[in-house]
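# Overview (structure and organization)
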Amino acid sequence: MGVSEWFKERLGLDDLPFFRTPDYMYKVEYWLGALVAGSFIYTVISGLILLLYYNPEAGYSSTETLIQEVPYGSVVLYSHLYGAYAMIILAYVHMFRNYFDGAYKKPRELLWILGVLMLVLTLGTAFLGYSLIGDALATSAVDVGEGIITSIPSLSFLIPILFGNYDAGDYGRVLAWHIILVALIGVLFMLHFFMAEHYGMMPSKKEKNKAPAVYTKEEWQKFNPWWPRNFVYMTSLVFMTWGFILLIPNALAYLNGLPQELNPFLNPKPAPPPNSPAAAHITTYPPWFFLFLYKIADFTSDVVVFLLIGVIIPLIYLLLVPFIDRSPYLDLKKRRLFTAFGILMITYLIQTTIWGDLTPGVEIPVYQQVIVYLPPAVITLAGVFLIPTSRKAVASPYGTLGFLVASLLFSGSLVTLVVSPSALTATVFALFAVLFLLAARSLTPVAIKVEKQSQQPEPQPVVSESPRNLEVKKRLAEVLISLLFIMSVVLAAQLWTIPATGYASNMFGVDLGLIFVMLGEAISLYHYVVYRK
Amino acid sequence: MIKFRLGKDEKEVLDYSNLTFFRKLASKIRDPRTKFDVKEFAKRGDDYLFNYVNKNVGSVDEKRRKFLKSLVFGIAAAAVVGIIPGVRVLVPPTITSVSGFPKSLLVDSSGNPIKASSLPVNSPVILLFEYPMTGEPNFLLNLGDSKGNPVEIPPTTVTIPQTGKTYQFPGGVGPNKSIVAYSAICQHLGCTPPYIHFYPPQYVSPAQLTASEPDQLSAEALLAAKQNHVPALIHCDCHGSTYDPYKGAAVLTGPTVRPLPAVLLEWDSTTDYLYAIGAIGVATYPNGANGVPSNDPTDDLSNSYGSPVGDKTTASGTENPFSS
Ligand code: FES
C-alpha cells in the first residue's frame, strides 16, 4: 500500500462529499473559484506574518521598519498587497464567468449571493488594509471615504465606529476591522465552498443547457473522484497562483520612476508619509480597485446619487439577478438583456477605472459622460439583440471579448478626441475605429455561418488526438518536468545566498515565486501525463 | 487509432488508449490478487465496476508514474529548502533594550574622531549625526556671534509651551563652550533637513524673505530674532517654526509647541574629542502615543523601531542649502 493509499484510507478521502469531476472540466476556467481561494489563503498567511510586526499606533513607521529592517519583510508586505490584488481580479473574473454561464440560476442562487457579498467584503477589507500603511495615499483615501460618509449627515456616526482615531495616527480600529472582515470572508467562504461542492461545478452548456444544471447522482458517480486527481490539479493551480503573487510585486519593486498613470496598478511601495514635505508634491490616487468610484465622484456632487450609481444599484442588481432572470435557459442568446447588462457592467467598470486613472479628480460635465457611456450601451444592446436566434448563434467567448475590447477602445478614443482634439488623438481614434469595424465584421460571419450549420444534421464529433501524438507530448512533458526539477534546485540554492534585508532582498520573492510557478507547472504536467487520455 | 475503412467515411471504432485500457482491465480481472467479485458486480453493477477500475487500473504504467512523482516531490522539496531562509521573517530585528543613552564618540565620515576646536563657527553646511537611534538626525553646531567669533552658550531654563513645564539646558561644550547639538526633526510635524536647518547670522536678513524653499525666512521669524537679539536661527521651512539655538532650541515662533530636544555633549579636553551622552527635553519626534510627540526623552529608547547607534556615530554633512 502506497503512501497515497494510506492517506486516502486514513482520511476517508473517498467518502468526502466533494464533487466528482468529469474529464472535460480539467481546464482553468472551471477552477476560477479555486484560484480566488488560493490567493485568499496566501493573503491570510502573509497577513498573519505582517501582524507580528505591525503597530497600529505607528502605522507608517512600523511599515517602514518592516520594509527596511525585518528579514524579508518587504517580500511579505508586497506580496500581501498583490495577493489581495489577485484575489480581487480573480473574484471579478470568477463572478462574470458565472454570470454569463447563468450559474446564479436554480439551484445555485444562494451560492451566487454569498459570492457577491464576499466580493463586497473583499473590496472593503482591501480598502482598510490599504489605509493601514498610513502613507500620504492612504490618509487621503481615508479622507475621501470619510468625506463621502459625512456628507450624509445621518451616517456620520459611522466614522468613529469605522476609523476610530485614524486622523490622530491611531490605526487600531482600522486594523481590527481589517481582520474582522477577513474572518467574515473566511466564514462565508466555507459556506460558499461546501455549497459549491454540493451542487458541483457548473456543467458545460453542451451537457446541461437548462437550469437546474446539476448532474444526477448516477452521472456524478462516474466522474473522477476528488482524490487524487482533483487534488493534484488543484495543487498545481494553487502553486501557480502563489508563485505569481510572489513573483510580480517583488520584480516590480525594482522598477523605479513609473509614469504616474501606472502607479496605482504597478507600484507596490508606500508613498511618503502625509506630514513630510514630499507628500505635498505627489498626486494622490485611490487604490486601483476604487478608481471607478473615485471617478464617479467627479460626475456629481450629490453623494446620494454617487452612492446610487457607484455602489447601490449595481450591487442590488447583482444580488437580485437570480430572482429577476428566472427563465431556465442558460444560453446567452436566450438571456439577451442580461447578457447585455453583463457586458455593459464590465465595460463600464474598466472604462471608468481607466478614466479615473487618467484624470483623477477632474470634474466631468454631463455631455462628456453621455459621450463616454452611451456608445458602449448602444453597441452592446444592438449587438446582443441583432444576433439571430438560431443554435449557437452567439459568437465564441473570444470573439465577444475581442468585440468588447474593440468597442471599449473605440469609444474611449472618441472621448479623448472630443476632449482634446489633436493630430495624435485623431490618429488613435482612426486606428481604433478600424479595429472596431473589423471586430464588428468578424462577428457577422459567425452569425451567418451558424445559421447555415444549423441546417446540417449533427455536427462532426470532435476528433481526439491520435495516441501517438499524445504519447510524444507526454514524453515532452516528462523532459520538461526534469528540466523544471533541475532549475528549481538551482534556484533553491540561490535563495540561501540572498540577503535578508536591503535592495537585493526582493530577489528572494522573485526566486521563490519562480520555484512555486515551476512546481505548479510540474504538477500540471504530471497531471497531463498521468491522467490525460 | 483503430479504424475500419468503410468506403469514404472513416468511422472510429475503438481508440488505441481504450484498447490498452481494456486489455489491462481484462488481465486485472483475471488476476486473483485484485479480487474482482462477480457477485458484487452483479448486485451493484456499474458502481462496483467504476470503483474497481479506479482502484486497480491506472492509465500510465507504474514505473513511469513513480519516477515523475519523485521529480515533482523533488521540486516541492526544493521549494521547502528555499523557504527555510525565509523563516527568518519571524525573527524580529534586534529589539532595542537599551536602559540608558549610549555614550557615542562623534567621528567624521572617514571614521576619525571629530576635533572640537576644528569645527567651523556658524557654518551654513548642515552637519548631522544620528543619536540615540539610527534614523534620528541631530544638528552639530558651533555657535558664534554675528562677527563669526565663537560664543559661550550658558545654561538656561527652557519652557515647553505645550505643557508649560520647564527643563534645564546645560549649555555649550568645547574649548569655547560654544558647541551644541539639537534634534534635526521639527517638533511640529516632523520635517527633516534641508527643510529645517540652521541660518547663520548673515542669512538672518530681509533678503531671505523672498528666497526660495528651503531657505526662506518668515517675517515673523525675522521679527522674533530681532526682538530677542538672536544672531542666528534654526528655522523650518515646512510651516515656519523657529527655534533659538543659543537658548536650548527654545521656541521662537510657532506653529511648533515644543522646543527641539537637545543632545547632551561631553568634550574631552585632553583629546579634543566630542561624545554624545544623552538627550534632554522632549522625545525625538514622533515618539509617543497617537503621533503626539512625547515629553519624555527616554521614550525614544523604549521604541522598538531603529536600533541604538552604538559607541560611535558619524557626523557628516556636505549640503549647504544656501549655495543652491
Ligand atoms: S514641520 Fe516644521 S514647521 Fe511644520
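Conventions we followed
- All residue numbers refer to positions counted from 1 along the written sequence of the respective chain.
- Naming scheme: in the order in which they are written, chains are lettered from A and ligands are numbered from 1.
- Side-chain atom pairs in this predicted model are given and counted only at pLDDT of 80 or more, local residue features only at pLDDT of at least 70, and totals for whole chains, interfaces and linings cover all residues.
- Heavy atoms throughout the structure, all of them, feed into the side-chain values; hydrogens and water do not.
- Domain extents, as shown, originate in an automatic or database domain assignment.
- In what follows, residue pairs with any heavy atoms lying within 4.5 Å of each other are defined as contacts.
- Once two parts are brought into contact, the accessible area they lose, counted with a 1.4 Å probe and summed over both, makes up the buried area.
- The working definition used for a salt bridge is a side-chain nitrogen of Lys or Arg within 4 Å of a carboxyl oxygen of Asp or Glu.
- Polar contact is defined as a pair of N or O atoms within 3.5 Å, subject to the rule that within protein one atom must be able to donate a hydrogen and the other to accept it, and that residues adjacent in sequence are counted only when both atoms are side-chain atoms.
- Numbering of helices and strands starts at the N terminus; helices are DSSP runs of H or I of at least 4 residues and strands are runs of E of at least 2.
- Here, any two strands with at least 2 DSSP bridges between them count as paired.
- In this analysis, axes come from line fits to C-alpha atoms, helices being fitted only over the stretch in contact, and the angle between any two N-to-C directions falls in the range 0 to 180 degrees.
- For this analysis, a nonpolar core means a set of buried residues of the types Ala, Val, Leu, Ile, Met, Phe, Trp, Tyr and Cys, connected via side-chain atoms within 4.5 Å.
- Burial classification: accessible surface area is computed with a 1.4 Å probe over protein chains only, and a residue below 20% of its type maximum counts as buried, one above 50% as exposed, and the rest as partly exposed.
- Aromatic rings from Phe, Tyr and Trp, taking only the six-membered ring of Trp, are treated as a pair when their centres fall within 6.5 Å; an angle between ring planes under 30 degrees marks them as stacked, one over 60 as edge-to-face, and anything in between as tilted.
- Definition used: whenever NZ (Lys) or CZ (Arg) falls within 6 Å of the ring centre and also within 35 degrees of the ring normal, the charge is taken to sit over that ring.
- Our angle categories are set so that under 35 degrees counts as roughly parallel, over 145 as roughly antiparallel, 65 to 115 as roughly perpendicular, and the remainder as oblique.
- Here a crossing is called left-handed whenever its near helix is offset anticlockwise from the far helix by less than a right angle, and right-handed whenever the offset is clockwise.
- UniProt positions are given in the numbering used here, feature names are shortened, and annotations may be inferred rather than shown by experiment.
- Each helix should span, by expectation, one fewer than its residue count multiplied by 1.5 Å.
- Disulfides are defined in this document as cysteine sulfur pairs within 2.5 Å.

### Quick look at the domain arrangement of chain A
The accessible area lost on association of the parts is a frequent measure of interface size. Residues and elements named next belong to chain A. Domain annotation of chain A identifies domain 1 (26-223 + 255-289), domain 2 (365-449) and domain 3 (467-531). Computed over C-alpha atoms, the centres of domain 1 and domain 3 are 28 Å apart. With 9 residues of domain 1 at the interface, the matching set in domain 3 holds 10 residues. Approximately 700 Å² of surface area, both sides summed, lies buried where domain 1 meets domain 3, with 61% of it carried by carbon and sulfur atoms. Broken down residue by residue, the surface that domain 1 buries against domain 3 is led by Tyr26, Tyr72 and Val75, which jointly contribute 62%. Linking domain 1 with domain 3 are 0 salt bridges, by the criterion used here. Summed over the shared surface of domain 1 and domain 3, the result is 3 residue pairs in polar contact (both at pLDDT 80 or more). With 3 residues, helix α4 (residues 73-101) is the largest single contributor of residues to the side of domain 1 that touches domain 3.

### As for the sheet that holds strand β12 (residues 250-253) of chain B
All names here are of chain B. Taken in spatial order, the 4 strands make up an open sheet running β9-β10-β11-β12, and their pairing is antiparallel. At either margin of the open sheet sits one strand with a lone partner, and together these are β9 (196-199) and β12. Neighbour-to-neighbour, the strand axes of the sheet open up by a mean angle of 30°, direction not taken into account. Judged from the 3 bridges that link them, strand β11 (residues 242-244) and β12 form a sheet pairing that is antiparallel.

### Structural notes on the nonpolar core
In this structure, Trp31, Tyr92, Tyr99, Trp112, Phe163 and Phe289 of chain A are the most contacted members of the largest nonpolar core, which totals 126 residues. It is helix α5 (residues 109-132) of chain A that provides the largest number of residues to this core, a total of 14 residues. When near neighbours in sequence (up to four residues on either side) are disregarded, Tyr92 of chain A contacts Leu119, Leu123, Phe292 and Leu349 of chain A. In this structure, Ile160, Val204, Val230 and Tyr243 of chain B belong to the second largest nonpolar core, which totals 37 residues.

### Remarks on the packing of aromatic side chains
Residues and elements named next belong to chain A. A full pass over the atoms with the stated rule returns 36 aromatic pairs over all chains. Look at Trp6 and Phe7: their rings are 5.2 Å apart centre to centre, the planes differ by 90°, and that puts the pair in the edge-to-face class. Relative to Phe189, the ring of Phe40 lies with its centre 6.2 Å away and its plane at 50°, an arrangement referred to as tilted. Within this pair, whereas Phe40 is found in helix α2 (residues 32-51), its partner Phe189 is found in helix α8 (residues 172-199), the two being separated by 149 residues in sequence. What links up through ring pairs into an aromatic cluster is the set Tyr82, Tyr85, Phe127, Phe265, Trp288, Phe289 and Phe290. When the ring centre of Trp355 is taken as origin, the NZ or CZ atom of Lys295, which lies over that ring, is 5.7 Å away.

### Some points on the packing of helix α13 (residues 303-324) of chain A against helix α14 (residues 336-358) of chain A
Residue and element names in this part refer to chain A. With their axes 13 Å apart at the nearest point, α13 and α14 run at an angle of 165° to one another. When the axis of α13 is compared with that of α14, the two are roughly antiparallel. You can see that α13 and α14 cross each other, and the crossing is left-handed. In this structure, α13 contributes Tyr317, Leu318, Val321 and Ile324 to the contact, and α14 contributes Phe338, Phe341 and Met345.

### What to know about the pattern of salt bridges
Side chains that differ in charge, positive against negative, can pair when their charged atoms come close. Residue and element names in this part refer to chain A. Counted according to the given criterion, the structure contains 10 salt bridges over all chains. A salt bridge links Asp101 to Arg97, with the nearest nitrogen and oxygen atoms 2.9 Å apart. Here Asp101 pairs with Arg97, and both are found in helix α4, just 4 residues apart, close to one helical turn. Judged by relative accessible area, which is 14%, Asp101 ranks as buried. Of the residues examined, Arg97 reaches a relative accessible area of 23% and is grouped as partly exposed. Notably, a salt bridge pairs Lys205 with Asp101, separated by 3.8 Å at the nearest N-O pair. Of this pair, Lys205 sits in the loop between α8 and α9 (217-221) while Asp101 sits in helix α4, placing them 104 residues apart in sequence. One salt-bridge network, held together by shared partners, links Arg97, Asp101 and Lys205.

### Focus: the UniProt feature "transmembrane region" (unreviewed entry) in chain B
Here, the residues flagged by UniProt with the feature "transmembrane region" (unreviewed entry) are residues 71-91 of chain B. With 76% helix and 0% strand, residues 71-91 of chain B has end C-alpha atoms that lie 32 Å from one another.

### Looking at α4 of chain A
Residues and elements named next belong to chain A. The end-to-end C-alpha distance of α4, which contains 29 residues, comes to 41 Å, matching closely the 42 Å that a straight helix rising 1.5 Å per residue would cover. With 23 of 29 residues buried, α4 lies mostly within the body of the structure. Looking one or two residues beyond α4, the residue adopting positive phi is Gly102, at roughly 70°.

### Looking at the state of the cysteines
Residues and elements named next belong to chain B. In total, this model carries 1 disulfide over all chains according to the counting rule given. Shown here is the disulfide that connects Cys191 with Cys238, its sulfur atoms set 2.0 Å apart. Disulfide Cys191-Cys238: torsion about the S-S bond near -100°, hence left-handed. Taken as a pair, Cys191 in the loop between β8 (179-183) and β9 and Cys238 in the loop between β10 (233-236) and β11 lie far apart in primary sequence, 47 residues in all.

### Remarks on the UniProt feature "domain: Cytochrome b/b6 N-terminal region profile" (unreviewed entry) in chain A
The feature "domain: Cytochrome b/b6 N-terminal region profile" (unreviewed entry), as given by UniProt, occupies residues 3-205 of chain A in the numbering adopted here. With 69% helix and 0% strand, residues 3-205 of chain A has its two end C-alpha atoms placed 38 Å apart.

### A closer look at unusual backbone geometry
Leave glycine aside and you will find that most residues have negative phi; peptide bonds, for their part, are mostly trans. With an omega of 0°, the peptide bond between Lys106 of chain A and Pro107 of chain A qualifies as cis. Along the chain, Pro107 of chain A turns up in the loop between α4 and α5. For the peptide bond that leads from Pro193 of chain B to Pro194 of chain B, omega is 5°, which places it in the cis range. On the secondary structure map, Pro194 of chain B appears in the loop between β8 and β9. Positive phi values are uncommon outside glycine, yet Asn122 of chain B reaches one of about 50°. Among the residues examined, Asn122 of chain B registers a relative accessible area of 7% and is labelled buried. Residue Lys177 of chain B is not a glycine yet carries a positive backbone phi of 50°.

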